[in-house]
Structure formats: C-alpha cells, structure tokens
There are 2 protein chains.
Amino acid sequence: MIDLYRSFVMMIVMPAPIIPREEVLDRLLAAFREHGYDGASISRLSEATGLGKASLYHHFKGGKQEMAEAVLIQSGSRFSSLVIAPLRGGGEPRRRLRAMTAGLSDFYARGQGSCLLELFGIGAAGERFRPRLKGAIHRFRNALAAVLGEAGLDQAEAASRAENAIIAIQGALVVGRATGDQSVFRRTLECLPDSLVGPGQQRVGPAEAK
Amino acid sequence: MIDLYRSFVMMIVMPAPIIPREEVLDRLLAAFREHGYDGASISRLSEATGLGKASLYHHFKGGKQEMAEAVLIQSGSRFSSLVIAPLRGGGEPRRRLRAMTAGLSDFYARGQGSCLLELFGIGAAGERFRPRLKGAIHRFRNALAAVLGEAGLDQAEAASRAENAIIAIQGALVVGRATGDQSVFRRTLECLPDSLVGPGQQRVGPAEAK
DNA sequence: GTCTATAAGCAGATAGAC
DNA sequence: GTCTATCTGCTTATAGAC
C-alpha cells in the first residue's frame, strides 16, 4: 500500500523527464570519459543520465556494450560534421585545415575530452570497438591526405603527413590529460596547418600506401 | 583430514616456486597492459603471476593499487636506463638520439606495449598515478631538450621539439594499438632523430618555459 | 518508459591452516 | 610464503508494478 502511494506520488511530481536520446548519449560519453569504459559502472551511468538502471536497459538492451556503441556512433557522426566535413568543403587548403583544427578543438572540448582510442581501445572494450575506431582513423587520414594533395604534396608525402598529424593529435590529448595541461593540445592544433602544408620534410617517413 | 592430505601433497609436489619479484612485476605489467587497470581483476592478476590471491596480498598489502605502483616504479627505472641514460651519455647528439629510439623500441616492445599514460591515467587509477606519470614525462622532456640544446638549438626551440617528440611517441603507441599496426610506431621512431635535430621549424609552437 | 526490488555472480580483500 | 575458504559489497542484468 505504501509502495502504491510512493509510485503514485512519483508519477505526479516526476513526470517522466524523457530527455532526448542525444542528450542521454552525451551524458553517457561524459561518464565514459571520466571513468573509462570499465570504470563506468551501470550505477554511475544511471546517475550520469538521471535514468534508473532498468530504464537504461530499456533503451539499450545490449547493456553497457550497446551504450558504448551508441555513444561511438554519435561521436562518429559528430566527428564527421566537425572535422571531416570542413576538410571536404571547398576553399583554400590552408583555410580548410584551419576549419579542421577548429572542429577538433570543439570535438575534444579544447583538450579536456580524452581521446576515444584511449577509452574504447583497451581491455574488454577493445576487441569490440577497435574496428570502428580503426575505420574512423582511416577516414580521417584519407580526408586529410586529400587536402594535402590539393595543396601540392605528392601522394606519399601527403599520406605520411596526414598520419603524423593524427598521431600528434592523439598524442597531445594523452599527454595533456596525463599532465593536466590543456595548453599542450591547443599548441599542437595551432601548429598543425602550417606544419602540414609548410615546406621541408618534417616527420617524413617511408609512407606505406595502404 | 582430506584437506590435511591435500596440503601436504601440495607442499611436496609444488615446492613454492618463489619466482623473483622482478618477474612478478613483469607479469603484472603484462596483465595491466592487456586488460587496463580496471579490467585487470585480482583473479586475473593471480592467474598471470601464478600466485594465489592471498599470496599477492602478502607481497602487496595495499592491494591492486600497490601492485600498480610497484609496476610503475619498476617501469620508471627501466625507462631511466633504457631511454634517459642514453640521452645523458656522451657522444654526438644525433647518436644519442638514436640510442634513445632504440631504448624506446625496447621499452615499448616495438610498439606492442601500450603507453602507460593510457593504462594508468584513466579512471580510478588516474588520480593516484598521474603525479608519477607527470614526473616521468617531465624528466624525459628535460633530458631530451638538453641534448637538443647541445645540438645547437636555442632553449625554447629545444623544449618545444622535445615536447612534440613525446607527443609523437605516445600518439604513435595509441594509434598503432587502435589500428593494430605496429609499423606506425616503428616509423615514428625512425624519423625522430632527423626530425629533432634537422633544419626548419617543424611543429614549432610558442614553447612555454615551465 | 519509468521505477523498485531482487537475482546471480564477481569484485577486492582477509582469516587462518600449513 | 603459499594455499583454501570465506566475507562483504558492488557488478551486470532482469522481473514486474505502474
């Protein structure tokens, strides 16, 4: 009887928030970023989203794995619009590269958001999500190399520099997080455009066409 | 009575392996690398070392945290001898840089060993281990910058390039792990020496003296 | 679509025999 | 210094009311 009363009250005073799915995914991502995949327990994810555990399972029947997958899908499309799309847009190459770095800054919350490879590429999560992450890296690399090609670099050089840029971005996120210094990421982004289309062979390696 | 018998047999047929502490730490590190800090349960660590759970707690009274700390301390001293020491040794700067990259290749098992920042910089582990990781990065950066200074670069430029090198190394590990491509790490190491002491301003940023 | 309550099992950690 | 056995709490996941 008392249970009945409580349920009744709850339905009146808490009229089912129903926050949009996008918002739920944002909060899940935030929780994953803070605790890592393994460290983000269902309880924490429940807290982070404001949804009860059972509600989470209602939306993501596959449990935590499905939550992470949904988060990755959303992140992927956000990455596409913030980072890849500006690369594909018209205009001067260097200008497109600047648009890309601006998008990267947004996507990674100016360096505060840790790199997704770090979060979902390790341990239990790794096996499952690595193909998706690998695909994203590949798309990024190709889009970036295409711009560098338009800027006049030969194909091998463009591919090599694109790869190095991705390495620098991910490295800056990891190092910045470890040192608690956001400026590492900011500086890395600032130098990218000039470094990418600039003269000389920086970080040139025997690029393997893949 | 049957328990008594079993214990007796065990003491005879399994005469306390007593593997050296160094070996135990190596196996713990391997387990942490495979599963991440949170994902490496005591059961798994027990399996990995061949020691029973209670034995692990006998050696590391602080539990998993102390195991990780011991692993980090061992890794730190190994990093010092494999990577930092070659930088401090005499000889031509470029030669010392080559010795460093050789040491890095060893330390990271030619790219297979994931970066420790990734393993111990996230989630529950993060708060505890970040100071240690931060210190290691700092020492590495200083040792590297000193060599670049001897090679003729001014202080700001040396500091900037040293930082970029560390970023590239960590980034290559992360990207290489995500893509399952070890060659990323190898290529990055190969290019480092030339890229570090070479001409031109690559990846030059407003280096902040810290 | 949200909740409460609960199941089943694994986590980290300890007691105590030998 | 190793083990077996065990404890407590938290984990993922589900059942079922509303």
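The structure under discussion appears in the preceding block.
With respect to empty space enclosed by the protein
Inference 1: Counting across every chain of the model gives six cavities of 30 Å³ or more.
Inference 2: Empty space within the largest cavity amounts to approximately 140 Å³.
Inference 3: Forming the boundary of the largest cavity are 14 residues, of which Asp-38 and Ile-122 of chain A together with Gly-36, Asp-38 and Ile-122 of chain B lie nearest the centre.
Inference 4: Secondary-structure elements contributing two or more residues to the lining of the largest cavity are helix H2 (21–39) and helix H7 (116–120) of chain A together with helix H2 (21–39) and helix H7 (116–120) of chain B.

Here's the deal with the protein's contact with DNA strand C
Inference 1: Neighbouring residues of DNA strand C: 20 residues in total, closest Gly-52, Ala-54 and His-59 of chain A together with Ile-42 and Tyr-57 of chain B.
Inference 2: Counting only the atoms of DNA strand C that lie within 4 Å of the protein, the sugar and phosphate share comes to 68%.
Inference 3: Top contributing element to the surface near DNA strand C by residue count: helix H4 (residues 53–59) of chain A, with four residues.
Inference 4: Here the surface near DNA strand C is built from residues that sort into ten nonpolar, eight polar and two charged.

Concerning the environment of Pro-131 of chain A
Inference 1: Here Pro-131 of chain A shows up in helix H8 (residues 123–150).
Inference 2: Along the sequence, Pro-131 of chain A and Gly-121 of chain A sit ten residues apart, while their C-alpha atoms lie 9.7 Å from each other.

Quick word on the environment of Gly-198 of chain A
Residues and elements named next belong to chain A.
Inference 1: Of note, Gly-198 is situated in the segment after helix H10 (183–197).
Inference 2: The buried category is assigned to Gly-198, whose relative accessible area is 13%.
Inference 3: Residues Gly-198 and Arg-94 lie 104 residues apart in sequence; the distance between their C-alpha atoms is 9.8 Å.

Here's the deal with the interface of chain A and chain B
Inference 1: Counting residues at the interface gives 45 residues for chain A, matched by 45 residues for chain B.
Inference 2: Carbon and sulfur atoms supply 61% of the area buried between chain A and chain B, which totals about 3700 Å² over both sides.
Inference 3: With a shortest N-O distance of 2.8 Å, Glu-163 of chain A and Arg-187 of chain B are connected by a salt bridge.
Inference 4: Seen at the junction of chain A and chain B, the total is six residue pairs in polar contact (both at pLDDT 80 or more).
Inference 5: Elements represented by at least two residues in the side of chain A that touches chain B include exactly H2, H7, H8, helix H9 (155–179) and H10 of chain A.
Inference 6: Here the element with the most residues in the side of chain A that touches chain B is H9 of chain A; it accounts for 14 residues.

Comments concerning the pattern of salt bridges
All names here are of chain A.
Inference 1: Applying the stated rule across the entire model yields 24 salt bridges over all chains.
Inference 2: When the shortest N-O distance is used, the salt bridge between Arg-141 and Glu-163 registers 3.0 Å. A residue pair is termed long-range when its members are at least 10 positions apart, and Arg-141 in helix H8 and Glu-163 in helix H9 qualify at 22 residues.
Inference 3: Close ionic contact of Arg-161 with Glu-157 constitutes a salt bridge, the shortest N to O distance being 2.6 Å. Here Arg-161 pairs with Glu-157, and both are found in helix H9, just four residues apart, close to one helical turn. The same class applies to Arg-161 and to Glu-157, which are both buried.

Comments concerning the packing of H2 of chain A against helix H3 (residues 42–49) of chain A
Residues and elements named next belong to chain A.
Inference 1: Contact pair H2 / H3: the axes reach a minimum separation of 9 Å and the direction vectors enclose 150°. Considering the angle they form, H2 stands roughly antiparallel to H3. When you trace H2 past H3, the crossing you get is right-handed. Here Val-24, Arg-27, Leu-28, Ala-31, Phe-32, His-35 and Gly-39 of H2 lie close against H3, whose contacting residues are Arg-44, Leu-45, Ala-48 and Thr-49.

What about helix H9 (residues 155–179) of chain B?
Inference 1: Compared with an ideal rise of 1.5 Å per residue, which puts 25 residues at 36 Å, H9 of chain B spans 36 Å between its outermost C-alpha atoms and is within 8% of the ideal.
Inference 2: For H9 of chain B, the N-terminal capping position is held by Asp-154 of chain B, with its side-chain oxygen 3.0 Å away from the main-chain nitrogen of Ala-156 of chain B.

As for the protein's contact with DNA strand D
Inference 1: The immediate surroundings of DNA strand D are formed by 20 residues, with Ile-42 and Tyr-57 of chain A together with Gly-52, Ala-54 and His-59 of chain B found nearest.
Inference 2: Here, DNA strand D places atoms within 4 Å of the protein, and 67% of those atoms are sugar or phosphate.
Inference 3: Between Lys-64 of chain A and DNA strand D, the recorded distance is 3.2 Å, taken from a side-chain N or O atom to a phosphate oxygen.
Inference 4: Contacts to DNA strand D include Ser-55 of chain B, whose side-chain N or O atom sits 3.0 Å from a phosphate oxygen.
Inference 5: Where the surface near DNA strand D is concerned, the elements lending two or more residues are helix H1 (2–13), H3, H4 and helix H5 (63–88) of chain A together with helix H4 (53–59) of chain B.
Inference 6: Among the elements that make up the surface near DNA strand D, the one with the highest residue count is H4 of chain B (four residues).
Inference 7: Residues that form the surface near DNA strand D fall into these classes: ten nonpolar, eight polar and two charged.

Digging into the nonpolar core
Inference 1: With 121 residues, the main nonpolar core has Phe-120 and Phe-140 of chain A together with Phe-120 and Phe-140 of chain B as its most contacted residues.
Inference 2: Apart from residues lying up to four places away in sequence, Phe-140 of chain B is in contact with Phe-79, Val-83, Ile-84, Leu-87, Met-100, Leu-104, Ile-166 and Ile-169 of chain B.

What to know about unusual backbone geometry
Residues and elements named next belong to chain A.
Inference 1: Here Ala-109, not a glycine, exhibits a phi torsion of approximately 50°, which is positive.
Inference 2: Along the chain, Ala-109 falls in the loop between helix H6 (93–107) and H7.
Inference 3: At Arg-110, a residue that is not glycine, the phi angle is positive and equals roughly 55°.
Inference 4: Mapping Arg-110 onto the fold places it in the loop between H6 and H7.
Inference 5: In this structure Arg-110 comes out as partly exposed when scored by relative accessible area, which is 46%.

Rules and cut-offs
- Residues numbered from 1 in each chain as written.
- Chains lettered and ligands numbered in written order.
- Predicted model: local features only at pLDDT ≥ 70, side-chain atom pairs only at ≥ 80, totals over all residues.
- Heavy atoms only, no water.
- 1 Å grid on protein atoms, 1.4 Å probe; cavity = no way out; pocket = protein on both sides within 12 Å on 5 of 7 lines; lining within 4 Å.
- Points joined across faces, edges and corners; volume = space filled by probe spheres on them.
- Helix = DSSP H or I, 4+ residues; strand = E, 2+ residues; numbered from the N terminus.
- Near = heavy atom within 4 Å.
- Nonpolar A, V, L, I, M, F, W, Y, C, P; charged D, E, K, R; others polar.
- Buried < 20%, exposed > 50% of the residue type's maximum accessible area, 1.4 Å probe, protein only.
- Contact = heavy atoms within 4.5 Å.
- Buried area = accessible area lost by both parts, 1.4 Å probe.
- Salt bridge = Lys/Arg side-chain N within 4 Å of Asp/Glu carboxyl O.
- Polar contact = N/O pair within 3.5 Å; in protein donor to acceptor, adjacent residues only side chain to side chain.
- Axes fitted to C-alpha atoms, helices over the stretch in contact; angles between N-to-C directions.
- Parallel < 35°, antiparallel > 145°, perpendicular 65-115°, else oblique.
- Left-handed = near helix turned anticlockwise from the far one by under 90°.
- Expected span 1.5 Å × (residues − 1).
- Core = buried A, V, L, I, M, F, W, Y, C linked by side-chain atoms within 4.5 Å.

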